[in-house]
Amino acid sequence: MCMFTSNKQRQDLNNVFRGGTKLTFKKGEFVIHPGETPSGVFFIESGLVKAYDISKYGEENLLIIRKSNEIFPLIWAVTGQERNIIYQTLEETVVWRISRSTFTKKVRDDATMLMPMLEMTLEMYRLHSEHILNLEYRTVRERLICFLINMSKRFGTTTAEGKLLIDVALKQQDIASSINASRETTSRELMRLERLGLITSNQSKITLLDLPTLKAAL
């Protein structure tokens with residue numbers, strides 16, 4: 001969460017969900033199946049959950065990757081509007097689930113919930129704004145570099161060698177859908193960045209080897 005939420009507010013939010021049902025999912029399991037009405041509002045204790053939809057061409061379209069201490073599906077939780085979004089784990093994941101009615105009552109009755117909810121909403125807005133700005137770049141290469149830099153801000157960890165690991169497994173199709181490119185073109189551009197010594201990839205996790213040069217390319 002963002003810097004404005006106090007430790008007590010974070011704990012209060014955690015406590016709301018820990019009054020619900022604890023669920024554990026293996027990697028690749030659906031939390032919300034295609035076409036399914038959500039069974040409740042979920043809080044991620046640990047792990048990663050990918051949110052995506054299916055395009056008219058039958059391809060997965062990555063929307064966002066949710067991480068620990070985040071709530072989903074946030075728009076449905078607040079408005080009740082269904083968007084046919086699929087939620088699937090990227091690794092073993094532990095979540096807590098409460099009913100939407102319990103969630104909305106708590107938000108309505110407890111003012112301490114407002115700041116954490118506002119910050120999560122602003123974070124979602126920021127991520128989607130970055131996605132839109134990314135698509136303004138003309139070339140696939142620029143959009144790919146921008147995507148990698150943005151993902152490193154959200155999921156980056158520094159390795160023992162001082163490099164920046166994007167600590168989430170990214171399928172090439174997920175990257176391609178995010179930058180509005182074909183999988184083949186995306187694969188070609190990723191290999192080019194590897195040949196230039198700017199990135200390396202291991203088990204779908206990408207490490208940025210030279211962040212200043214990548215930023216300079218934009």
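Residues numbered from 1 in each chain as written. Predicted model: local features only at pLDDT ≥ 70, side-chain atom pairs only at ≥ 80, totals over all residues. Heavy atoms only, no water.

So, about the sheet that holds strand S7 (residues 86-89). Strand order across the open sheet formed by four strands is S2-S7-S4-S5, with antiparallel pairing between neighbours. Whereas interior strands pair on both sides, the edge strands pair on one side only; in this sheet they are strand S2 (30-32) and strand S5 (60-66). Between one strand axis and the next, the sheet turns through 30 degrees on average, direction left out of account. Note that S2 and S7 share two bridges and pair antiparallel. Within the sheet, the bridge partner assigned to isoleucine 32 lies in S7 and is tyrosine 87. (Pairing = 2+ DSSP bridges. Helix = DSSP H or I, 4+ residues; strand = E, 2+ residues; numbered from the N terminus. Axes fitted to C-alpha atoms, helices over the stretch in contact; angles between N-to-C directions.)

Taken as a whole, the largest pocket spans an internal volume of roughly 670 Å³. Along the walls of the largest pocket sit 34 residues, with Ala51, Leu63, Ile64, Ile65 and His128 positioned nearest its centre. Looking at the lining of the largest pocket, the elements that each hand over two or more residues are S5, helix H2 (74-79), helix H4 (114-134) and helix H5 (140-155). (1 Å grid on protein atoms, 1.4 Å probe; cavity = no way out; pocket = protein on both sides within 12 Å on 5 of 7 lines; lining within 4 Å. Points joined across faces, edges and corners; volume = space filled by probe spheres on them.)

Time to look at the pairing of strand S8 (residues 93-98). Within S8, five of the six residues are buried, which leaves it mostly tucked inside the rest of the structure. Of the pairings in the sheet, the one linking strand S1 (residues 21-25) to S8 comprises five bridges and is antiparallel in character. Note that in S8 the partner of leucine 23 across the bridge is valine 95. When strand S3 (residues 41-46) meets S8, the two strands line up antiparallel, connected through five bridges. Its bridge partner being in S8, isoleucine 44 is matched across the sheet by valine 95. (Buried < 20%, exposed > 50% of the residue type's maximum accessible area, 1.4 Å probe, protein only.)

Where H4 contacts H5, the two axes come as close as 9 Å, and the packing angle between them is 160 degrees. Comparing the axis directions of H4 and H5 gives the class roughly antiparallel. Handedness of the H4/H5 crossing: right-handed. Counted together, Glu123, Leu127, Glu130 and Asn134 of H4 and Glu142, Arg143, Cys146, Phe147, Asn150, Lys153 and Arg154 of H5 form the full contact between these two elements. Per-class residue counts for the contact of H4 with H5 are three nonpolar, two polar and six charged. (Parallel < 35°, antiparallel > 145°, perpendicular 65-115°, else oblique. Left-handed = near helix turned anticlockwise from the far one by under 90°. Contact = heavy atoms within 4.5 Å. Nonpolar A, V, L, I, M, F, W, Y, C, P; charged D, E, K, R; others polar.)

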